[in-house]
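Structural characterization, general
Here is how the chains run, residue by residue.
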Amino acid sequence: MKQILRRIRPFARLPRPLRWLARSLVTAVVIVLAATGLVTYQVRASFPQVDGELRAPGLHGGVTVARDQYGIPQIYADDPHDLFLAQGYVHAQDRFWEMDFRRHITAGRLSEMFGAATLAQDKAVRTMGWRRVAEQELPLLDQRTRDYLQDYARGVNDWLDQHPGRAEKSLEYAVLGLTNADYVPEPWTPADSLAWLKAMAWDLRSNLGDELARASAATTMPKSRVDALWPDYPYDKHEPIVTSGAVRNGVFDQAAPVTSAAQPASFAQALSSPSVVRRAHQALDAVPDALGRADSGLGSNSWVVSGKLTTTGKPLLANDPHLGAAMPSVWYQAGLHCRTPGPACPFDVTGFTFSGLPGVVIGHNARIAWGFTNLGPDVTDLFLEKVTGGTYESAGRQKPLVTRTEQIKVAGADPVTLTVNTTDDGPLITDVIAGAGDTLKDSGANAVALRWTALDPGRTADALFALDTAHDWASFRAALRTFQVPGQNLVYADTDGNIGYQATGTVPVRARGDGRWPVPGWTGEYAWTSTIPYDELPSVFNPAEGYIVTANDAVVDPQRYPLLLTEDWSYGYRSQRILDQLREAVGAGKVDADAMARIQGDTHNPVAEALVPALLKAGVTGDATKALDLLRGWDFSQDKDSAAAAYFNAVWRHVLTDTFNDDLPPGARPSGRDRWFDVVTTLLTRPDDPFWDDVTTPVRETRDDILRRAMSEAFAELSGSLGPDPTRWHWGDLHQLTLTNQSLGTSGVGPVEWLLNRGPIPVGGGPDAVDATGWDAQQGYAVTSLPSMRMIVDVGDYDRSRWINLTGASGHAFNDNYWDQARPWSQGATVAMVSSADAVRTATVHTLTLRP
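Report follows, based on the coordinates. (Residues numbered from 1 in each chain as written. Predicted model: local features only at pLDDT ≥ 70, side-chain atom pairs only at ≥ 80, totals over all residues. Heavy atoms only, no water.)

From N to C terminus, the protein chain includes 27 helices and 33 strands. Burial status across the protein chain gives 62% buried among its 852 residues. Counting only contacts in the protein chain whose residues sit at least 6 apart along the sequence, the fraction spanning at least 24 positions is 74%. (Helix = DSSP H or I, 4+ residues; strand = E, 2+ residues; numbered from the N terminus. Buried < 20%, exposed > 50% of the residue type's maximum accessible area, 1.4 Å probe, protein only. Contact = heavy atoms within 4.5 Å.)

On to the side chain of Asp658, then. Along the chain, Asp658 falls in helix 21 (residues 643-660). An unpaired buried charge is present at Asp658: no salt bridge exists, and Arg709, the closest side chain of opposite charge, is 4.1 Å distant. Setting aside residues no more than four positions away along its own chain, Asp658 makes contact with Ile706, Arg709, Ala710 and Glu713. (Lys, Arg positive; Asp, Glu negative; His and termini not counted. Salt bridge = Lys/Arg side-chain N within 4 Å of Asp/Glu carboxyl O.)

Attention now goes to the packing of aromatic side chains. Tallied over the full model, the rule gives 35 aromatic pairs. Between the aromatic rings of Phe372 and Phe483, the centroid separation amounts to 5.7 Å while the plane-to-plane angle is 45°, which identifies the pairing as tilted. Of this pair, Phe372 sits in strand 11 (residues 368-374) while Phe483 sits in the loop between helix 16 (473-480) and strand 20 (488-494), and the two are 111 residues apart along the sequence. Residue Phe483 is classed as buried on the basis of its relative accessible area of 2%. Centroid distance Trp731 to Tyr781: 6.1 Å. Interplanar angle 80°. Geometry classified as edge-to-face. In this pair, Trp731 is assigned in helix 24 (residues 731-734) and Tyr781 in the loop between strand 28 (758-762) and strand 29 (785-787), connecting sequence segments 50 residues apart. The exposure class assigned to Tyr781 is buried, which follows from its relative accessible area of 6%. It is Lys386 that lies over the ring of Trp522; its NZ or CZ is 4.3 Å from the centre. In this structure, Arg653 is placed above the aromatic ring of Tyr781, and the distance from its NZ or CZ to the ring centre is 5.3 Å. (Phe/Tyr/Trp six-rings, centres within 6.5 Å; stacked < 30°, edge-to-face > 60°. Lys NZ or Arg CZ within 6 Å of the ring centre and 35° of its normal.)

This part is about the sheet that holds strand 25 (residues 539-541). Strand-to-strand pairing in sheets goes through backbone hydrogen bonds, with the strands running parallel or antiparallel. If you walk across this open sheet you meet the eleven strands as 1-33-2-3-8-9-10-11-20-21-25, and the pairing is mixed. Each edge of the open sheet is held by one strand with a lone partner, namely strand 1 (52-55) and strand 25. For this sheet the average axis-to-axis angle between neighbouring strands, irrespective of direction, equals 20°. Sheet topology note: the strand 3 (residues 73-77)/strand 8 (residues 332-338) ladder contains four bridges and is parallel. Paired with Ile75 across the bridge in strand 8 is Leu336. Across the sheet, helix 4 (residues 80-107) is in contact with strand 1, strand 2 (63-67), strand 3, strand 8, strand 9 (348-353) and strand 33 (846-851); its angle to strand 8 comes to roughly 160°. In this fold helix 15 (residues 460-469) packs onto strand 9, strand 11 and strand 20, with an angle of close to 145° to the strand it touches most, strand 11. (Pairing = 2+ DSSP bridges. Axes fitted to C-alpha atoms, helices over the stretch in contact; angles between N-to-C directions.)

What follows deals with empty space enclosed by the protein. Per the stated rule, a full pass over the model turns up eleven cavities of 30 Å³ or more. If you go around the largest cavity, you meet 21 residues; those closest to its centre are Met200, Leu204, Trp331, Phe372 and Gln488. Of all the elements in the fold, those that place two or more residues in the lining of the largest cavity are helix 11 (190-203), strand 6 (299-305), strand 7 (316-324) and strand 11. Here the lining of the largest cavity is composed, by residue class, of 15 nonpolar, six polar and no charged. (1 Å grid on protein atoms, 1.4 Å probe; cavity = no way out; pocket = protein on both sides within 12 Å on 5 of 7 lines; lining within 4 Å. Points joined across faces, edges and corners; volume = space filled by probe spheres on them. Nonpolar A, V, L, I, M, F, W, Y, C, P; charged D, E, K, R; others polar.)

In structure tokens, the structure reads:
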């Protein structure tokens, strides 16, 4: 999404001399409108009606929408048709601009709204064909699922029909109308909903960034040095999710002994032409990230504790998915309730939804609760191809490219025709950028194809509705059988006291290779041959220890699991910290919801444990000693007011850039995430390692030279930005969250950005702390990824559950619920997650009745 934000400039298609004039005119118009009160009208005209009665012509009967003070709706209906129609209507009331914007992302049609400024994104998405795949999936789904999607679409369209004017829909439409007066939203369709799942899968696609970064690094250094930058997962220090069991008779059995060691995957050396790697980077960088940059800290935490260890005697379940910062939040809280739950109307579910998609994604129903983290399986491969004219080489023969054309409509300009070429290994992604036909002299390859599981039609939508109505462990696992992309870790709890874990997703089996490097496509040796059967994916039910923790860490030690899920796990710092804190809580007595919340808010910096002693030993001279003193006795926590955290993170940033930027091309330089914790911790034991030397200087630097330089540079940086007294520095003065409107928040027009954006908000935490507020060492300290929501479910009494969203229910600027949850979110607070009829009735402040 941040790539979109940087590119959506509504004036970018104008000649350069006219851009300043256009921005000035729009700014003047906004100021005049504000002065005359018309902006107030434009803002408030789209606020939804939340009391009284409204008509939704597609309904069978009446529907009640009860909202609490946060605008969170609880929807009550007599049948699934009315329930999902009403959900579509309510989503549209609060978030239609977001929904409309998202479907233009997933269809590769942003240029219809924003002009030529977004052509690169549209070309990339059209090349992969997200929308085409969604349309292919629709007939594969159960009829019941198709009905629900159609019911939801009818509700959206009922709302759309009732709100024909720009101001009635959302403020953003009024702003867009200043540069694109011809734009009119189309009716919603079931494929619009399904296509959003492709965007979700793209953002959680796991190791594609690592694959490209390895190949980039290999253009400037030998493989042995590249391997040092991607160390093996530290199984000896960080426990995997599943610590027992093996595949036996085609099923993962948590009680099965390990009978033989796993065979390592065969290695494939990268074909690292600088030209092909650079072009692949450019092509993939153009693809919109709807949830945040995949290499910016996207992950999640979830864990579940058995009732044997809790104060309530029933399980507690916690979840906080880490996604990109967005305004509004990617999540929308809601409850979906059949008035009389039963076979004809089985829904009684409360949790987090995606606007544009019916059902609940994360939450609980009357019997079970569940949470998600990204499994991170390796589901993408880059194949280097030899293309000649309209053919490509495959296993010693020339095969014809499969070609299609796409016409992209462009606001204010003529349509653009895109030719998409596809091989057996996937679409040629280098075709979406200029110069794609250049020949690579060193390897003979001249194109890159992308193989990705999400480009194969699947039935993930079926899984979501089955999950919402699952009632025990068996039906929960059955629901996930069709959950194909993105691959996820799910934790489970039920009202009978059971807990569990299930890995999901379509994971390819390769004829050769381990997915870490781009591979030759022309040989046929690295083709995908099958997928890992669902029953062989790791699964655990009621483990003896009484808890299960997932945080994007390794699922299972390869010594007990012979199937390749990925070689690029998150390195387990968050998961191990949660385990350690959980064991400490259990040792002190029974675990309660407050203990779960304290763990969610833990800001401990994992790499500081190794780096601070080295910094203190190296020492520094001059005024920087005052800053270094902050680290003496520091407990490595990173709350927003911490001076020590401010200085340490600045030092960490300079250690990374001073050590590696001279050696690595831009696509492989360190972001500062947990892989770099392991890399630097190892280098600290090698004071003369070549990585310490800055090749841009005439002298040969060693470890302590770089550490001292980094400390001095960090002191100079913070003295300039925060003042000369280190004791008055605060981490939150550097590490801030700006909630940026997903589309027009970087328009370049100050008044528009003021209308739509919020913040900055000082926050604590950091990359791969449990409170994972990520930042990028190449860019600065601003928050790039974060816990997009937090949830703690008390299965013993669902009304004691707690939740918080990043922003609020509303997508309408200046609505009371636009960002009313952002401040409590930043403070680690949560609000009541009620679901029973009595508790909802008590919390209700607005009641709307929808009638046919």
